[in-house]
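Chain by chain, the residues:
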Amino acid sequence: MVTPFTSCTQPVKPPIDLPLYENIIPNNIPNHGLKELVTYNKLTNGKTFSFVRQISEPKIFVYLPDQKTNTGTAIIICPGGGYGGLAIDHEGHDMAKKFASEGIAGIVLKYRCPDPKIVTNKTIVPLQDAQRAMILVKENASKWSINPDRIGILGSSAGGHLAATAATHFNQVETDNPKKVSLRPAFAILNYPVISFIDGVGHNGSRDNLIGPLAPDQINGDLVHLYSNEHHVTSATPPIFITHAQDDNVVPISNSILFIASCQQYGVPMQSFFYAKGGHGYGLDNPIDQKEWIDVCIGWLKQTILKK
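Below is a summary of the structure that appears in this document. On a predicted model such as this, the values are computed, not experimentally measured, just so you know. (Residues numbered from 1 in each chain as written. Predicted model: local features only at pLDDT ≥ 70, side-chain atom pairs only at ≥ 80, totals over all residues. Heavy atoms only, no water.)

**Overview of the overall build of the chain**
Quick reminder of the rule: Numbering of helices and strands runs from the N terminus; a helix is a DSSP stretch of H or I covering at least four residues, while a strand is a stretch of E covering at least two. Both definitions apply: the radius of gyration is a C-alpha atom measure, and the globule rule equals 2.2 Å times residues to the power 0.38. Residues count as neighbours in contact if any of their non-hydrogen atoms are within 4.5 Å of one another. We get accessible surface area from the Shrake-Rupley algorithm with a probe of 1.4 Å; when it comes to residues, only the shown protein chains can shield them.
Helices and strands together make up the secondary structure of the chain, namely seven helices and 10 strands. Taking 19 Å as the expected radius of gyration for a compact globule of 308 residues, we find that the chain reaches 18 Å, a close match to that expectation. Along the first, second and third principal axes, the C-alpha atoms of the chain reach 55 × 45 × 40 Å. Within the chain, residue pairs in contact and separated by at least 24 positions form 78% of the contacts whose partners lie at least 6 positions apart. Total accessible area on the chain is roughly 13100 Å²; 53% of this is exposed by carbon and sulfur atoms.

Written out as structure tokens, the structure reads:
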């Protein structure tokens, strides 16, 4: 039973750990021989976070809210990492726990990166996993007390590029979908996102990993356009919440500005929240500012998505 939104946080239960694919994982190279790698790094605020590479078995971690505060809303969360790995703690699990404590199911997507040693057709694999996650959550929506019309997507950095791609390319179906489940997210939350692959705007590392090769004069211009998501906003694009720090020197704020301009052009409902300082990669908590983007975002959800 879905209850109205409340601001009272609740303890969060351990997540449901579910593989994305039951049998054969599409586009995996059989017997590639590479084991998953986890390294540990420090944020500017001193916190340690894990970074996962060489993922070949994608899955979701489902943090469900307490039934007393459940809003029936869910968010698929795509950690960043330049399409070379996933910063799965502070851009994944921490956010999922926060949303679940506020009555919103947080679902961390451990997606495959476009590593040609592990996958074929590498350019489509992240979107393929994101679309499969949307189908899987909708298939389990009743069991998890989720409204299938309230499933959104969130991403940070390159994960923000994936979330923006899912929000603008939902008709570009890259996964098996025999039941014709709608792949359109109900909303998208973009946290210091890579939006464009154009030189001088986007993050070249993310671009090269996804559509490479490294030499700029050899990169396929059609793919640059296809995955520069500011070019693919339409009136059907779902509502957007976007946040960025003005001093981000890794993924320039111009990425968010371009996407906002496209949303305004097509009348897409959107809300922005900018920090003066914060740099790149702060995840859930910007230690330089007392106001947290995720609290503003939850307020936006409360005033828009959760009223429907």
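Once you've had a look at it, read on.
**Some points on empty space enclosed by the protein**
Short version of the rule: Of the two site types, the cavity is a set of points on a 1 Å grid over the protein atoms alone where a 1.4 Å probe fits but cannot get out, and the pocket is an open set with protein on both sides within 12 Å along at least five of seven lines, each lined by residues with an atom within 4 Å of a point. Grid points are joined across faces, edges and corners, and a volume is the space filled by probe spheres set on the points. Throughout this entry, Asp, Glu, Lys and Arg are counted as charged residues, while Ala, Val, Leu, Ile, Met, Phe, Trp, Tyr, Cys and Pro are counted as nonpolar. The remaining residues, Gly among them, count as polar.
Tallying each qualifying case throughout the model produces two cavities of 30 Å³ or more. Its boundaries defined by the atoms lining it, the largest cavity holds a volume of some 50 Å³. Lining the largest cavity are A130, Q131, M134, I153, A166, F170, L183 and P185. Top contributing element to the lining of the largest cavity by residue count: helix α2 (residues 125-139), with three residues. Looking at the lining of the largest cavity residue by residue, the classes come out as seven nonpolar, one polar and no charged. Taken as a whole, the second largest cavity holds about 40 Å³ of empty space. Forming the walls of the second largest cavity are Y83, T123, P126, L127, H161, L162, T165, L210 and Y227. Those elements that provide at least two residues to the lining of the second largest cavity are α2 and α3 (158-168). Its residues assigned to classes, the lining of the second largest cavity shows six nonpolar, three polar and no charged.

**Some words on the sheet that holds strand β9 (residues 240-245)**
For the record, the criterion: Strand pairing is defined by DSSP finding a minimum of two bridges between the two strands. In this description, a line fitted to the C-alpha atoms serves as the axis of each element, helices being fitted only across the stretch in contact, and the angle between N-to-C directions of two axes falls anywhere from 0 to 180 degrees.
The eight strands lie next to each other as β1-β4-β6-β5-β7-β8-β9-β10, forming an open sheet whose pairing is mixed. The open sheet terminates on both sides in strands that have one partner only, identified here as β1 (16-19) and β10 (270-275). Averaged over neighbouring strand pairs, the angle between their axes works out to 15° when direction is ignored. Judged from the five bridges that link them, strand β5 (residues 73-78) and strand β7 (residues 151-156) form a sheet pairing that is parallel. By the bridge assignment, A74 is partnered in β7 with I151. Relative to β9, helix α7 (residues 293-303) is tilted by about 165°, and along the sheet it contacts β5, β6 (104-110), β7, β8 (188-191), β9 and β10.

**Thoughts on the pairing of β6**
To be explicit about the condition: Exposed residues in this analysis have more than 50% of their type's maximum accessible area, buried residues have under 20%, and partly exposed residues fall in between, with area computed by a 1.4 Å probe over protein chains only.
A large share of β6 lies buried, amounting to seven of its seven residues. Where burial is concerned, the two faces of β6 agree: the one with I104, G106, V108 and K110 and the one with A105, I107 and L109 are both buried. Sheet analysis places strand β4 (residues 59-63) next to β6, joined by five bridges and oriented antiparallel. The residue bridging I60 from the neighbouring strand is L109, located in β6. Where β5 lies against β6, five bridges are found, and the strand directions are parallel. Considered in β6, the bridge of A74 is made with A105.

**Some words on the packing of α2 against α3**
Filter applied, for reference: Roughly parallel refers to an angle under 35 degrees, roughly antiparallel to one over 145, roughly perpendicular to one between 65 and 115, and oblique to any angle outside these ranges. By definition, any crossing whose near helix is turned counterclockwise from its far helix by less than a right angle is left-handed, and any crossing with a clockwise turn is right-handed.
α3 packs onto α2 with a crossing angle of 65° between their chain directions and a minimal axis gap of 10 Å. On the basis of their axis angle, the class for α2 and α3 is roughly perpendicular. Seen from above, α2 lies across α3 with right-handed handedness. Between α2 and α3, the residues in contact are P126, L127 and A130 and L162, T165 and A166, respectively. Per-class residue counts for the contact of α2 with α3 are five nonpolar, one polar and no charged.

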